[in-house]
Amino acid sequence: MLQLKYKGVETVTITVKGITPNAACQSYMFDAQQGQSVVMDMEITTTPELAQDPYQPFTTIVDWKAITSGGTTVNGRIDNINCITPAERVPSQIGPGEKIVGKMAFDGV
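Definitions and limits used
- Note on numbering: residues in each chain are counted from 1, in written sequence order.
- Restriction of local features to residues with pLDDT of at least 70 applies here, the model being predicted, together with a cutoff of 80 or more for giving and counting side-chain atom pairs; totals for whole chains, interfaces and linings are based on all residues.
- Based on all heavy atoms of the structure, the side-chain values leave hydrogens and waters out of the count.
- Secondary structure elements are taken from DSSP: a helix is a run of H or I of four residues or more, a strand is a run of E of two residues or more, and numbering for both begins at the N terminus.
- The contact criterion used throughout is that any non-hydrogen atoms of two residues lie within 4.5 Å.
- Polar contact is defined as a pair of N or O atoms within 3.5 Å, subject to the rule that within protein one atom must be able to donate a hydrogen and the other to accept it, and that residues adjacent in sequence are counted only when both atoms are side-chain atoms.
- Two strands form a pair only when DSSP identifies at least two bridges running between them.
- Exposure categories follow from relative accessible area, calculated using a 1.4 Å probe and restricted to protein chains: below 20% of the type maximum is buried, above 50% is exposed, and the middle band is partly exposed.
- Definition used in this section: a nonpolar core is a set of buried Ala, Val, Leu, Ile, Met, Phe, Trp, Tyr and Cys residues joined via side-chain atoms within 4.5 Å.

(A) Region of the structure containing the environment of Asp 41. If you trace the backbone, Asp 41 turns up in strand β3 (residues 38-46). Residues Asp 41 and Val 90, 49 residues apart in the sequence, show an inter-C-alpha distance of 9.1 Å. With sequence-adjacent residues up to four places away left out, Asp 41 is seen in contact with Thr 15, Val 16, Lys 17, Gly 18, Thr 20, Gly 102 and Lys 103. A distance of 2.5 Å separates polar atoms of two side chains, one belonging to Asp 41 and the other to Lys 103.

Right, dumping it as structure tokens:
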């Protein structure tokens, strides 16, 4: 679980509910020789206090990275649009006072 705060007040909680390594990815952009596609099942909750944060809404599609068990940062990318159906994926932006459940995919991890 990851909790984000603004001025000491909790605004976003991210909970990973499951991880699927070597997930099937139908994207023409996915290259299995560069790694695997990893899908995370996530629950993201925002509090009403997120409205006070100048960087809201919470954006789910930037600033993610994968780190190997050896501590090396992977040069992969999020491929949330191409590997997961629209009904399954987390939205790209989440406003104050919302709770979402969905998936996010990382390509080339």
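(B) Representation of the pairing of strand β1 (residues 2-6) in the model. As judged from the five bridges shared by β1 and strand β2 (residues 9-20), these two strands associate in the antiparallel manner. Bridging across to β2, Gln 3 finds its partner in Thr 13.

(C) Looking closely at the pairing of β2. Between the end of β1 and the start of β2, which pair antiparallel, lie two residues, with Lys 7 showing a positive phi angle near 50°. Strand direction decides the pairing type here: β2 and β3, joined by eight bridges, are antiparallel. Along β3, the bridge assignment pairs Ile 14 with Ile 44.

(D) The arrangement of the side chain of Thr 13 in detail. Looking at where Thr 13 falls in the secondary structure, it is placed in strand β2. Residue class for Thr 13 comes out buried when judged on its relative accessible area of 11%. Contact partners of Thr 13, with chain neighbours within four places excluded, come to Met 1, Leu 2, Gln 3, Glu 43, Ile 44 and Thr 45.

(E) Layout of the nonpolar core. Listed in full, the twelve residues of the largest apolar core are Val 12, Ile 14, Met 40, Met 42, Ile 44, Leu 50, Phe 58, Val 90, Ile 94, Ile 100, Met 104 and Phe 106. Contributions of two or more residues to this core are made by β2, β3 and β7 (99-107). Not counting residues up to four positions away in its chain, the partners in contact with Leu 50 are Thr 11, Val 12, Gln 56, Phe 58, Ile 94, Gly 95 and Pro 96. Judged by nonpolar contacts, the second largest core, of six residues, contains Cys 25, Val 39, Ile 84 and Ala 105.

(F) Local environment of unusual backbone geometry. Put simply, Gln 56 and Pro 57 share a cis peptide bond, and its omega is 5°. Within the secondary structure layout, Pro 57 lies in the loop between β3 and β4 (58-59). Look at Lys 7: it is not a glycine, yet its phi comes out positive at around 50°. Given the relative accessible area of 71%, Lys 7 is considered exposed.

(G) Summary view of the side chain of Thr 46. By secondary structure assignment, the location of Thr 46 is in strand β3. A polar contact is formed between the side chain of Thr 46 and the backbone nitrogen of Gly 97, at a distance of 3.1 Å.

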